[in-house]
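Take a look at the letters that make up each chain.
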Amino acid sequence: MIKTFLLEVGTAALFVDRKNIVYGASYDSLLTVPPRCGYIYKWPDGNSSAETMIYSEYMTDIQSLFVSENGDIYAYDYEMVDSDSLRWFEKKHDVIRWSSCPIVGVSVMNVTDNCYGLFIDLNSTLYCSVRDKHQVLRKSLLTNAALSPIGTIEGNQLNEPQGIFVDANFSLYVADTGNNRIQYFSAGQKKRNYQNWW
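Please read these numbers as outputs of a predicted model, since none were measured by experiment.

Asks: Is there a simple way to think about the sheet that holds strand β9 (residues 115-120) in this case?
Replies: For sheets, the rule is that strands pair by backbone hydrogen bonds, running either parallel or antiparallel. Read across the open sheet, the four strands follow the order β9-β10-β11-β12; overall the sheet is antiparallel. One side of each edge strand has no neighbouring strand; the edge strands of this open sheet are β9 and β12 (148-150). Each neighbouring strand pair of the sheet contributes to a mean axis angle of 25 degrees, computed without reference to strand direction. With five bridges connecting them, β9 and strand β10 (residues 125-130) associate as antiparallel partners. Paired with Leu 118 across the two strands is Cys 128, which belongs to β10.

In structure tokens, the structure reads:
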């Protein structure tokens with residue numbers, strides 16, 4: 001069976017949780033300059049009608065989503081920030097956590113470039129694939145520890161990583177787009193030799 005979930009605006013990111021609830025992020029594609037309106041929608045299992053979960057005037061370009069077991073929504077937003085006096089917009093690269101009750105957005109990670117994949121493991125560690133910097137960054141959500149890179153460009157490991165997944169053993173799988181492979185890092189490993197996993 002094929003099911004279609006329709007949005008009135010441009011689709012940007014997708015996540016499906018363990019209960020088969022579909023989450024989608026979009027933005028108002030009719031507005032070419034900020035403030036554009038960003039939305040996060042939710043489709044309960046078996047329902048083709050969306051519920052609007054979050055709406056923000058300055059959530060302009062969500063590129064990745066992750067929904068935790070407790071219902072918190074993590075979204076990477078390539079936001080254009082208004083610098084009031086000159087009316088120009090600067091880029092702000094934040095991963096925002098939207099808590100379910102009350103709905104409040106808080107920055108939990110700031111990165112230097114676009115984050116094309118998000119994942120949170122069982123130890124509450126947030127992973128972000130920074131495609132144009134050729135690395136995956138990770139940060140504990142429980143401490144104030146600094147960002148820790150995996151597969152850095154210096155090690156010639158990753159080339160334009162995008163999708164990411166961490167299994168129950170804390171092994172990391174990376175869609176290493178520029179190298180046409182899935183790259184595997186065992187738990188705690190930061191670099192890998194150049195063997196293709198698949």
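Asks: Help me understand the sheet that holds strand β13 (residues 161-166), please; the structure alone is not making it clear to me.
Replies: Here we have three strands laid out as an open sheet, ordered β13-β14-β15, and antiparallel in their pairing. In the strand order of this sheet, the two ends are held by β13 and β15 (181-185), each with one partner. Pairs of neighbouring strands in the sheet enclose a mean axial angle of 20 degrees, with direction left out of account. Note that β13 and strand β14 (residues 172-176) share four bridges and pair antiparallel. In the strand pairing of β14, Phe 165 is matched with Tyr 173.

Definitions and limits used
Residues numbered from 1 in each chain as written. Predicted model: local features only at pLDDT ≥ 70, side-chain atom pairs only at ≥ 80, totals over all residues. Heavy atoms only, no water. Pairing = 2+ DSSP bridges. Helix = DSSP H or I, 4+ residues; strand = E, 2+ residues; numbered from the N terminus. Axes fitted to C-alpha atoms, helices over the stretch in contact; angles between N-to-C directions.

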